[in-house]
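Fold and contact review
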Amino acid sequence: MKILVTGGTGYIGSHTVVELQNKGFEVVIVDNLSNSSADIVDNIEKITGVRPLLEVFDLTDFDKTMDFFTRHNDIKGVIHFAAYKAVGESVEKPLMYYRNNLVSLMNILESMIANKVENLVFSSSCTVYGQPDELPVSEKAPIKKAESPYGNTKQISEEIIQDSVKAYDVKGIALRYFNPIGAHESALIGELPLGVPNNLVPFITQTAIGIRDQLKVFGDDYPTPDGTPIRDYIHVVDLAKAHVIAVNRMIEGKMKKDFEVFNLGTGKGYSVLEVINAFEKTTGQKLNYKIVERRPGDVIEVWADPTFSNQELGWKAEKGIDEMVLSAWNWEKALRSKNKD
Ligand code: UD1
């Protein structure tokens, strides 16, 4: 059973390729390598014993996308990760974000429809909820106006899929991720931020290993128990497994509606200081950090109600915060020792 994974050499994509191959799926990756490296395919092969096919091109190119689907006419499902994802950059370069994230999605949908590929799993985000009025946040919570062009591309993408599902022979599942962190236990794949990381955990591990001088904690005057914002961190391997279940659900015709949405979180929130404490405790590394002013655009607290995903997908996040930060640390160490060779 052949699955196309766009962005399959990226962070969440590579972990999903591993889980798909572990379940016996044949995987074809399409990636333009704009934020990842082709070497990842070697490491996926080391983990699974199977080398996925990688085709390097840009999905914003309509002709190449259509040609790909025509050549691979036995694809049963598409898991679409390929997208830009940096919030700050999207504010500076909104058109780059809209063009890349939306044009590629439309090219994929048109090519799927033309080639009778029905099943699309889409990589969405809890950012669509903004600061929710009620916690934990379920799939029924209203979509709030996006805080950034990046967030807006996720909202518009879900709408594009929803409208396409009504008009054509396609089905969609949008998976709304909370905060994916951690790395595969082999430490052969993980998150590889280009330049200075925006996200908390890569910044923690890079500070601990000495690449960054100091972690800045963005504000401790939020209305939370310790004053720092709360997020629902989820292990990337748990997240990857949910994609395999989602694509299987589509292929096996088990969807209840032609467009479904699932929250992927653990249901438990941790503050920034709690993540730092978990990191220091599990790794034995002392972290140099200081409290600075708030980062504009940060919500106070958000965590998932994963009940619907648990029930409908039969999926549950299994790994706890200690395992998440320890695996991120092991990946950081492996990465730096490799770079020294
Ligand atoms: C961010 C995006 C979100 C996106 C997600 C995935 C924003 C507002 N949200 O989520 O839309 O889907 O990344 O990439 O950017 N923190 C620090 N110091 C740091 C980095 C982070 O204190 O150096 C804090 C933040 O203030 C926040 C928490 O750590 O409270 C998590 O931040 P981060 O990892 O960037 O994720 P989000 O902001 O939740």
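The preceding data block contains the structure.
Please read all numbers here as calculations on a predicted model, not as lab measurements. (Residues numbered from 1 in each chain as written. Predicted model: local features only at pLDDT ≥ 70, side-chain atom pairs only at ≥ 80, totals over all residues. Heavy atoms only, no water.)

A few words on the pairing of strand E3 (residues 53-56). Sheet topology places strand E2 (residues 26-31) next to E3; four bridges connect them, and they run parallel. Residue pairing across strands places aspartate 31 opposite valine 56, the latter belonging to E3. Read as a crossover between parallel neighbours, the route from E2 over helix H2 (residues 40-48) to E3 is right-handed. (Pairing = 2+ DSSP bridges. Helix = DSSP H or I, 4+ residues; strand = E, 2+ residues; numbered from the N terminus. Right-handed = clockwise from strand over helix to strand, strands pointing away.)

Let us now look at the pattern of salt bridges. Taken as a whole and judged by the stated rule, the model has 21 salt bridges. The partner of arginine 71 in a salt bridge is glutamate 55, with the nearest N and O atoms 2.9 Å apart. Note that arginine 71 is positioned in helix H3 (residues 62-71) and glutamate 55 in strand E3, a separation of 16 residues in sequence. Among the charged side chains, a salt-bridge network with shared partners connects Arg249, Lys256, Glu260 and Glu312. (Salt bridge = Lys/Arg side-chain N within 4 Å of Asp/Glu carboxyl O.)

Turning to the site of the ligand, a few remarks are in order. Neighbouring the ligand are 20 residues; Leu200, Lys216, Arg231, Arg295 and Asp298 lie closest to it. Between leucine 200 and the ligand, the recorded distance is 2.8 Å, taken from a backbone N or O atom to an oxygen atom. Within the contact set of the ligand, an oxygen atom lies 2.8 Å away from a side-chain nitrogen or oxygen of arginine 295. The fraction of the free accessible surface of the ligand (740 Å²) that becomes covered by protein chains is 87%. Contributions of two or more residues to the shell around the ligand are made by helix H7 (200-209) and strand E8 (215-218). In terms of residues, the shell around the ligand owes the most to one element, E8, which gives four residues. (Near = heavy atom within 4 Å. Polar contact = N/O pair within 3.5 Å; in protein donor to acceptor, adjacent residues only side chain to side chain. Areas by Shrake-Rupley, 256 points an atom, 1.4 Å probe, with all protein chains shown as cover.)

So, on to the sheet that holds strand E11 (residues 259-264). Across the sheet, seven strands lie side by side as E3-E2-E1-E4-E5-E6-E11; this open sheet has parallel pairing. Because the sheet does not close on itself, it has two edges, and the strands there are E3 and E11. Along the sheet, successive strands turn relative to each other by an average axial angle of 20°, direction set aside. (Axes fitted to C-alpha atoms, helices over the stretch in contact; angles between N-to-C directions.)

If you look at the biggest cluster of nonpolar residues, it comprises 35 residues, and the most contacted ones within it are Leu20, Leu175 and Leu264. Mapped by element, the contributors of at least two residues to this core are strand E1 (2-6), helix H1 (11-22), E2, H2, strand E6 (171-177), helix H8 (236-251) and E11. The biggest single contributor to this core is H8, with eight residues. Beyond its immediate chain neighbours, meaning those up to four positions away, leucine 175 contacts Val121, Phe122, Ser123, Ser124, Ser125, Ala242, His243, Ala246, Phe262 and Leu264. Membership of the second largest hydrophobic core comes to 24 residues, among which are Phe57, Ile108, Val117 and Ala174. (Core = buried A, V, L, I, M, F, W, Y, C linked by side-chain atoms within 4.5 Å. Buried < 20%, exposed > 50% of the residue type's maximum accessible area, 1.4 Å probe, protein only. Contact = heavy atoms within 4.5 Å.)

Of the consecutive residues leucine 135 and proline 136, the connecting peptide bond is found in the cis state with omega at -5°. Residue placement: proline 136 occurs in the loop between strand E5 (119-125) and helix H6 (149-167). You will see that leucine 33, though not glycine, has its phi angle at about 60°, which is positive. Locating leucine 33 in the fold gives a position in the loop between E2 and H2. Residue class for leucine 33 comes out partly exposed when judged on its relative accessible area of 25%. Residue alanine 187 is not a glycine yet carries a positive backbone phi of 60°. One can find alanine 187 in the loop between strand E7 (179-181) and H7. With a relative accessible area of 16%, alanine 187 lands in the buried category.

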